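Observations on the model geometry
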Amino acid sequence: MNHEQSRSLYDRALSVMPGGVNSSVRATRPYPFFVDSGDGGHVVDADGNKYLDFVMGYGPLLLGHDLPKQVQSAIQQRASEGPMYGAPTEVEVELAEFVSRHVPSVEMTRFVNSGTEATVSAVRLARGYTGREKIVVMQCGYHGAQESTLVEGKGDDTSPSSPGIPSSFAEHTLTVPFNDKAAVHSVFEEHGDDIAAVLTEPILGNYGIVHPVEGFHETLRDVTEEHGALLIFDEVITGFRVGGLKCAQGKFDIDPDITTFGKIVGGGFPVGAIGGKAEIIEQFTPAGDVFQSGTFSGHPVTMAAGLETLRYAAEHDVYDHVNTLGEQLRAGLTDIVADQAPEYTVAGTDSMFKVLFTREGPDDQTGHCEAGCKQRPDCPRYEYCPKNGSDVKQTETERWERLFWPAMKEQGIFLTANQFESQFICNAHTEEDIEKALDAYKEAL
Ligand SMILES: Cc1ncc(COP(=O)(O)O)c(C=O)c1O
Ligand SMILES: N[C@H](C=O)CCC(=O)O
């Protein structure tokens, strides 16, 4: 493959943008390919190379790159009527109504501009509502580029995970390993009266994919209720992808107090949202006194893109299609892995998937999971499946980034270069695409 144009664009980018990119995960080695255009389930780079795309913008593109006519027209119509006004519009109300109709726990929604903004506001809201300061997050969970959750360490021994964040932020953030019910009980025994909320992704999608073990979310729900704390589900990735329009909370039958959304709910445009029980969401200004505001919030073009994307998904068999392809791909990967790299783990559900380069360590802590890593107790390798972010951290990152990812790229398959990020299937993908991907995995593995 020729990459001359990308190489030269990267050289230009490096002199005007830090690291040559606007989000760190895009800085692939030795240099990223620059995208010229999207085409259904594919992207085409500046040198004319075409890749089968399983990054899908890191999740927002449920329908793929060619938006259906009804979505395109709604976006163009809104943009042609002036992009935004600093006054409310009907389309915001319609999207909030749609979310309330479909997502079991959501009565009211505040729209913002990114997943990060949504989790920042959700944490502030939980603190304002409960009058408490501490939050509990999962080790290796990701909630965007926000001060309160960029922490490392265990329990109450936490520190910021990036320079530039005062340690006083981390003082208020406690961590537990995902899926560790005992750690959840113990953090609440010690700090229960000070904890405003537990914030978790329902499925770890940024250090994973890691599925919840049976009863983990129920434990979070029970313990938070018992101690007067809130349960916040960060559905920025899983929202309107896992569990269809009901989201992951519908699939797992859990009733969080607050849910954060992003990605798909904006139909490919910058978005975030905080939804939940009216009594809680109404604490946001101007209805309540927890300050929340934003020039671009509820942007009409974004709202139109999100609404028409979700309407399209509701009216067509989008979830059936992407979930069926997901099953097909995970089943094929499970066979390939069993044959060629039995220590690796195939993870995912619905239209999310990942092959984790788990190792058969000296104490045999990780290993290939025959049931597609859904943490099913009947899986013969249940005990070896990664249960939390630390298990995933033990995987062979260098092998993924230096050998596997380039080998897939050379075969025209675009995966996330960072091995911890999820891969996504979109409505434009076909069975032939899945077959092509499986052939490439077989070759590259
Ligand atoms: C679970 C989760 N929460 C929050 C965020 C932050 O969203 P954004 O990148 O739109 O700020 C992301 C992804 O970036 C995410 O995966
Ligand atoms: N981990 C992030 C979201 O899921 C990756 C997207 C980004 O920050 O560019």
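Bear in mind the structure is a predicted one, so any value in this text is a computation, not a measurement.

Rules used in this analysis
- Residues numbered from 1 in each chain as written.
- Chains lettered and ligands numbered in written order.
- Predicted model: local features only at pLDDT ≥ 70, side-chain atom pairs only at ≥ 80, totals over all residues.
- Heavy atoms only, no water.
- Near = heavy atom within 4 Å.
- Polar contact = N/O pair within 3.5 Å; in protein donor to acceptor, adjacent residues only side chain to side chain.
- Areas by Shrake-Rupley, 256 points an atom, 1.4 Å probe, with all protein chains shown as cover.
- Helix = DSSP H or I, 4+ residues; strand = E, 2+ residues; numbered from the N terminus.
- Expected span 1.5 Å × (residues − 1).
- Buried < 20%, exposed > 50% of the residue type's maximum accessible area, 1.4 Å probe, protein only.
- Arc of directions from axis to C-beta.
- Contact = heavy atoms within 4.5 Å.
- Pairing = 2+ DSSP bridges.
- Axes fitted to C-alpha atoms, helices over the stretch in contact; angles between N-to-C directions.
- Domains from an automatic or database assignment.
- Buried area = accessible area lost by both parts, 1.4 Å probe.

Looking now at the site of ligand 2. As a structural note, the neighbourhood of ligand 2 is formed by Ser23, Val25, Tyr58, Tyr142, Asn206, Ile237, Lys263 and Glu421. Measuring from a nitrogen atom of ligand 2, one finds a side-chain N or O atom of asparagine 206 at 2.6 Å. At 2.8 Å, a side-chain N or O of glutamate 421 approaches a nitrogen atom of ligand 2. For ligand 2, whose accessible area on its own is 280 Å², the fraction buried by protein is 81%.

The full set of residues close to ligand 1 is Ser114, Gly115, Thr116, Tyr142, His143, Gly144, Glu201, Asn206, Asp234, Val236, Ile237 and Lys263. Asparagine 206 is positioned with one of its side-chain polar atoms (N or O) 2.9 Å from an oxygen atom of ligand 1. Taking 380 Å² as the accessible area of ligand 1 by itself, protein coverage stands at 83%.

Between its first and last C-alpha atoms helix α14 (residues 431-444) spans 20 Å; for 14 residues at 1.5 Å apiece the expected length is 20 Å, and the two agree. Among the residues of α14, Asp433, Ile434, Ala437, Leu438, Ala440 and Tyr441 are the ones counted as buried. Down the axis, α14 shows its buried residues gathered within 165 degrees of arc, on one side only. Along α14, exposed side chains directed more than 90 degrees from the buried face belong to Glu432, Asp439 and Glu443. Its buried side turned inward, α14 meets β2 (42-45), β3 (50-53), α11 (318-340), β14 (352-356), α13 (397-410) and β15 (413-414).

Here the focus is the sheet that holds strand β10 (residues 230-234). The seven strands are arranged β4-β12-β11-β10-β9-β5-β8 in an open sheet whose pairing can be described as mixed. Lying at the two open borders of the sheet, with one neighbouring strand each, are β4 (108-112) and β8 (173-176). Taken over all neighbouring pairs, the strand axes of this sheet differ in orientation by 20 degrees on average, direction set aside. The sheet contact formed by strand β11 (residues 258-262) and strand β12 (residues 272-276) spans five bridges and is antiparallel. Bridging across to β12, isoleucine 258 finds its partner in glycine 276. Its contacts with the sheet put helix α7 (residues 216-226) on β5 (134-138), β9 (195-200) and β10, and the angle it makes with β10 is roughly 145 degrees.

What follows concerns the domain arrangement of the chain. Domain parsing of the chain yields domain 1 (4-66 + 318-444) and domain 2 (69-315). With centres defined by C-alpha atoms, the gap from domain 1 to domain 2 works out at 25 Å. With 36 residues of domain 1 at the contact, the number on the domain 2 side is 34 residues. Of the roughly 2800 Å² buried between domain 1 and domain 2 on both sides combined, carbon and sulfur atoms contribute 61%.

Looking now at the sheet that holds strand β16 (residues 423-424). With antiparallel pairing, the three strands of this open sheet are ordered in space as β13-β14-β16. Each of the sheet's edge strands pairs with one partner strand only, and the pair in question is β13 (345-347) and β16. Here two bridges tie β14 to β16, and the two strands are oriented antiparallel to one another. Along β16, the bridge assignment pairs phenylalanine 353 with glutamine 423.

Looking at the element boundaries, histidine 429 is found in the loop between β16 and α14. Judged by relative accessible area, histidine 429 falls into the buried class, the value being 1%. Within polar-contact distance, the side chain of histidine 429 engages the backbone nitrogen of cysteine 426 at 3.0 Å. Residues in contact with histidine 429, not counting those within four places in the same chain, are Gly41, Leu52, Asp53, Phe54, Met56, His321, Leu325 and Phe424.

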